[in-house]
Amino acid sequence: MSKFLCILLVVILCGCTHHQQSNTFKEKYDIYAEPKPDFSNWVIAIPGASPYPAMAYEQCGLPISMLEDFIDAIVRRMDAKNLTEYDAAQDRLDTIFNQLHNMLKMEEGHKTLYTWPEGYAYRHLLGDYMIRDEAALKTAYATIQYMKYQLSQ
């Protein structure tokens, strides 16, 4: 019995010392980094990107720098460690979202949520605004990287 307890103690202690702290979202995703194309995929050069929202953003004239700030604010909201940080990140996110929404000019009578490109761009911005998980963040990040890659071509 004492051998079992000794082995259990060693396993527990070794397990605790090898625990790696996970990186924050900000450390994992540098939205301002240059795009890194992956030419192994013949369809799209940036893995995980959604080309249709990127095209809609471009056709609506949304600046990439503002979209980068938008994704960065989402990342900061996800990395918030307390309510004060969360509120500050959410306020920044709300401000940028409202600016992007105003740039879409959806108030005109003939434009709806199903109009290309304004409605499509708005639906994706709204979806990105509500991101709460890492998988959706990766897609939003890759879409902005795809836009930057397309402009560099």
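Going by the structure above, here's the rest.
*Asks:* I'm lost on the pattern of salt bridges in this one. Help?
*Replies:* Should the charged atoms of two oppositely charged side chains come close, the side chains can pair. Scanning all chains against the criterion turns up 3 salt bridges. Across the pair R92 and D69 runs a salt bridge whose closest N-O atoms are separated by 3.9 Å. In this pair, R92 is assigned in helix 5 (residues 83–104) and D69 in helix 4 (residues 64–79), connecting sequence segments 23 residues apart. Classification of D69 by relative accessible area gives partly exposed; the value is 26%. A salt bridge links D72 to R76, with the nearest nitrogen and oxygen atoms 3.0 Å apart.

*Asks:* Explanation requested: the side chain of Q90 in the structure shown.
*Replies:* Turning to its location among the elements, Q90 is positioned in helix 5. Under the relative-accessibility criterion, Q90 is labelled buried at 13%. Among all residues touching Q90, those that are not within four sequence positions of it are R77 and Y129.

*Asks:* So what exactly am I meant to see when it comes to the packing of aromatic side chains here?
*Replies:* Where two aromatic rings form a pair, the distance of their centres and the angle of their planes describe that pair. Applying the stated criterion across every chain, the model contains 4 aromatic pairs. When the centroid spacing of 6.1 Å and the interplanar angle of 40° are considered together, the rings of F97 and Y122 count as tilted. A residue pair is termed long-range when its members are at least 10 positions apart, and F97 in helix 5 and Y122 in helix 6 (residues 118–129) qualify at 25 residues. Overall, the relative accessible area of 9% leaves F97 in the buried class. Aromatic pair W116 and Y120: ring centres 5.2 Å apart, planes at 45°, arrangement tilted.

*Asks:* For this particular structure, what's the right way to read the layout of surface pockets?
*Replies:* Where empty space is left can be seen by rolling a probe of water-molecule size over the atoms. As a volume, the largest pocket reaches approximately 170 Å³. Around the largest pocket sit E34, P35, K36, I46, P47, G48, K138, Y141, A142 and Q145, which together line it.

Rules used in this analysis
Residues numbered from 1 in each chain as written. Predicted model: local features only at pLDDT ≥ 70, side-chain atom pairs only at ≥ 80, totals over all residues. Heavy atoms only, no water. Salt bridge = Lys/Arg side-chain N within 4 Å of Asp/Glu carboxyl O. Helix = DSSP H or I, 4+ residues; strand = E, 2+ residues; numbered from the N terminus. Buried < 20%, exposed > 50% of the residue type's maximum accessible area, 1.4 Å probe, protein only. Contact = heavy atoms within 4.5 Å. Phe/Tyr/Trp six-rings, centres within 6.5 Å; stacked < 30°, edge-to-face > 60°. 1 Å grid on protein atoms, 1.4 Å probe; cavity = no way out; pocket = protein on both sides within 12 Å on 5 of 7 lines; lining within 4 Å. Points joined across faces, edges and corners; volume = space filled by probe spheres on them.

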